[in-house]
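Take a look at the letters that make up each chain.
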Protein chains: 2
Amino acid sequence: MESAAQTAVTPAQATAQADDRAFDDLAFDVFARNCPSRGALEHVTGRWGALTLGALHEGSLRFNELRRRVDGVSEKMLSQTLHALERDGLVHREAQPTNPPRVDYTLTPLGREVSERLLSLIVCVEERMEDVLRARARYDEARGAR
Amino acid sequence: MESAAQTAVTPAQATAQADDRAFDDLAFDVFARNCPSRGALEHVTGRWGALTLGALHEGSLRFNELRRRVDGVSEKMLSQTLHALERDGLVHREAQPTNPPRVDYTLTPLGREVSERLLSLIVCVEERMEDVLRARARYDEARGAR
DNA sequence: CTGCATCCCAACTGATACTG
DNA sequence: CAGTATCAGTTGGGATGCAG
């Protein structure tokens, strides 16, 4: 046997520590295939997820208010998106048993954390859109012209 | 002719000014349908776009290095993703006419700005993943149990 | 008003094979 | 190594109709 056993940390302990570190640092690495965080990230960054969270960042909204705010979303997709975000604990759904029914959607604390960063990204893209458009024009001229 | 011509600002000019303001403030609103920024945002936040930008944030990478880093991406999708990001001016492609060929992909300054915010979002989701998982468990128990 | 169920088409995706 | 081309399967997403 190697002399490793006489050190303060046995190989088994070292392995356990490494595993713990691996768990903390890598278990939810989005770059890894089949990692649950990849799915969660996709709910957040998906076409409608990002816009829905962005819209809710401004405050509580009802279903059809959201539908109008997120221009172009269908009933089906909005419903689907809200379910996914609610399940992930980013959005809180509060139904009032009135007639006609009224349902309010609000960001949870976790949802606000996420939407904060998301909105920063959205605003960044919007502000730099002219640069993007110029880059596209340059690219298309160089490539499409031939 | 109308007397509008004698005023300092003609109706046409007023309209033009309003349009300019609208252009500055709203032309790139991602919440509006058919806005070009929505497409750009989707390139950035798309399943592979986000991971590609995240990987490139750590430094320049070659095609197959990227493919390994972004676990699960196919050749085709990576190629497609890189083209879109290059066209939007977020990624710079540098091909060296050697044999075998060597192509390096790097973030542009604009790409770095975007990826910075994107990474903040990614890290946030990864760190809060346990909360998300707990929320899912609660949701499924309440809904799926019946 | 707030949804769910269904149908249906287009777009996305992924193997596979092939080129430079 | 760095892609492109093609084909087939799956999914995303919209329209419609209906229920609570």
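Keep in mind the model is a prediction, meaning the values are calculated, not measured.

1. Description of the overall build of chain A
Moving on, step 1. What chain A contains, in helices and strands, is seven helices and three strands.
Moving on, step 2. Starting at the N terminus and walking to the C terminus, you meet the elements of chain A as α-α-α-β-α-α-β-β-α-α.
Moving on, step 3. Looking at chain A residue by residue over its 146 residues, the buried ones come to 37%.
Moving on, step 4. Taking the contacts inside chain A whose residues are at least 6 apart along the sequence as the reference set, 41% of them involve residues at least 24 apart.
Moving on, step 5. For chain A, the accessible area works out to roughly 8,500 Å², and carbon and sulfur atoms hold 50% of it.

2. Remarks on the pairing of strand β3 (residues 102-107) of chain B
Note on strand geometry: in a regular strand, side chains alternate between the two faces of the sheet.
All names here are of chain B.
Moving on, step 1. In terms of strand pairing, strand β1 (residues 61-62) meets β3 through two bridges, oriented antiparallel. Residue pairing across strands places Leu 61 opposite Tyr 105, the latter belonging to β3.
Moving on, step 2. Relative to β3, strand β2 (residues 91-96) runs antiparallel, the two sharing six bridges. Note on β3: the bridge partner recorded for Ala 95 is Val 103.
Moving on, step 3. From the end of β2 to the start of β3, which pair antiparallel, there are five residues.

3. What about the sheet that holds strand β1 (residues 61-62) of chain A?
Residues and elements named next belong to chain A.
Moving on, step 1. Reading across the sheet, the three strands line up as β1-β3-β2 and stay open at both edges, with antiparallel pairing between neighbours. At either end of the open sheet lies a strand with only one pairing partner, and these are β1 and β2 (91-96).
Moving on, step 2. In this fold helix α3 (residues 47-56) packs onto β1, β2 and β3 (102-107), with an angle of close to 95° to the strand it touches most, β3.

4. Quick notes on the protein's contact with DNA strand C
Moving on, step 1. Close contacts around DNA strand C come from 19 residues, with Glu 75, Ser 79, Arg 93 and Tyr 105 of chain A together with Lys 76 of chain B the closest.
Moving on, step 2. Protein-adjacent atoms of DNA strand C, using a 4 Å cutoff, are sugar or phosphate at a proportion of 59%.
Moving on, step 3. At 3.1 Å from a phosphate oxygen of DNA strand C is found a side-chain nitrogen or oxygen belonging to Arg 62 of chain A.
Moving on, step 4. Ser 79 of chain A is positioned such that a nitrogen or oxygen atom in its side chain is 2.6 Å from a phosphate oxygen of DNA strand C.
Moving on, step 5. The biggest single contributor to the surface near DNA strand C is helix α5 (residues 75-87) of chain A, with four residues.
Moving on, step 6. The residue makeup of the surface near DNA strand C, split by class, is eight nonpolar, four polar and seven charged.

5. Brief notes about the environment of Ala 55 of chain B
Moving on, step 1. Mapped onto the secondary structure, Ala 55 of chain B falls in helix α3 (residues 47-56).
Moving on, step 2. With a relative accessible area of 0%, Ala 55 of chain B lands in the buried category.
Moving on, step 3. Those residues in contact with Ala 55 of chain B, other than ones at most four positions away along the chain, are Phe 31 of chain A together with Leu 61, Leu 66, Arg 69 and Val 70 of chain B.

6. Quick word on the UniProt feature "domain: HTH hxlR-type" (unreviewed entry) in chain A
Moving on, step 1. According to UniProt, the "domain: HTH hxlR-type" (unreviewed entry) feature falls on residues 35-133 of chain A.
Moving on, step 2. End C-alpha atoms of residues 35-133 of chain A are separated by 34 Å, and the span's content is 65% helix alongside 14% strand.

7. Examining the protein's contact with DNA strand D
Moving on, step 1. The immediate surroundings of DNA strand D are formed by 21 residues, with Lys 76 of chain A together with Arg 62, Ser 79, Arg 93 and Tyr 105 of chain B found nearest.
Moving on, step 2. Among the atoms of DNA strand D close to the protein, meaning within 4 Å, 58% are from sugar or phosphate groups.
Moving on, step 3. With respect to DNA strand D, the side chain of Arg 62 of chain B contributes an N or O atom lying 2.9 Å from a phosphate oxygen.
Moving on, step 4. The contact in question runs from a sugar or linking oxygen of DNA strand D to an N or O atom on the backbone of Pro 101 of chain B, over 3.5 Å.
Moving on, step 5. Sorting the residues of the surface near DNA strand D by element identifies α3 and α5 of chain A together with α4 (63-69), α5 (75-87) and β3 of chain B as the ones contributing at least two each.
Moving on, step 6. With four residues, α5 of chain B is the single largest residue contributor to the surface near DNA strand D.
Moving on, step 7. Its residues assigned to classes, the surface near DNA strand D comprises eight nonpolar, five polar and eight charged.

8. Remarks on the pattern of salt bridges
Moving on, step 1. For the structure on display, the rule yields 20 salt bridges over all chains.
Moving on, step 2. The partner of Arg 136 of chain B in a salt bridge is Asp 88 of chain A, with the nearest N and O atoms 2.6 Å apart. Here Arg 136 of chain B is found in helix α7 (residues 129-144), whereas its partner Asp 88 of chain A is found in the loop between α5 and β2 on a different chain. Like Asp 88 of chain A, Arg 136 of chain B is buried.
Moving on, step 3. Ionic pairing is found between Asp 104 of chain A and Arg 102 of chain A, a salt bridge with its closest N-O pair at 3.1 Å.

9. Remarks on the sheet that holds β3 of chain B
Moving on, step 1. Read from one edge of the open sheet, three strands run β1-β3-β2 (chain B), paired in antiparallel fashion. Only two strands of the sheet have a single neighbouring strand rather than two, namely β1 and β2 of chain B.

So, how was this worked out
- By convention here, each chain's residues receive numbers from 1 onward along its written sequence.
- As they are written, the chains are lettered A onward and the ligands numbered 1 onward, keeping that order.
- Where local features are concerned, this predicted model is filtered to residues with pLDDT of at least 70; where side-chain atom pairs are given and counted, the filter is 80 or more; whole-chain, interface and lining totals use all residues.
- Side-chain metrics rest on all non-hydrogen atoms present in the structure, leaving aside hydrogens and water.
- A run of H or I in DSSP becomes a helix once it reaches four residues, and a run of E becomes a strand once it reaches two; helices and strands are each numbered from the N terminus.
- Exposure is judged per residue with a 1.4 Å probe applied to protein chains only, and the accessible area is read against the type maximum: over 50% gives exposed, under 20% gives buried, and values in between give partly exposed.
- Note on definitions: a residue-residue contact is assigned when non-hydrogen atoms from the two residues lie within 4.5 Å.
- Here the Shrake-Rupley method, with its probe set to 1.4 Å, supplies the accessible areas, and only the displayed protein chains count as covering residues.
- Paired strands, as defined in this entry, are two strands with at least two bridges between them according to DSSP.
- Geometry is summarised by axes, namely lines fitted to C-alpha atoms with helices restricted to the contacting stretch, and by angles between N-to-C directions that run from 0 to 180 degrees.
- For this description, a residue counts as near a given molecule or strand if any of its non-hydrogen atoms is within 4 Å of it.
- Nitrogen and oxygen atoms within 3.5 Å of one another constitute a polar contact, given that in protein one can donate a hydrogen and the other can accept it, and given that sequence-neighbouring residues count only through two side-chain atoms.
- Following the grouping adopted for this structure description, the nonpolar residues are Ala, Val, Leu, Ile, Met, Phe, Trp, Tyr, Cys and Pro, the charged ones are Asp, Glu, Lys and Arg, and the polar ones are all others, Gly among them.
- UniProt positions are given in the numbering used here, feature names are shortened, and annotations may be inferred rather than shown by experiment.
- Salt bridge, as applied in this entry: a Lys or Arg side-chain nitrogen positioned within 4 Å of an Asp or Glu carboxyl oxygen.

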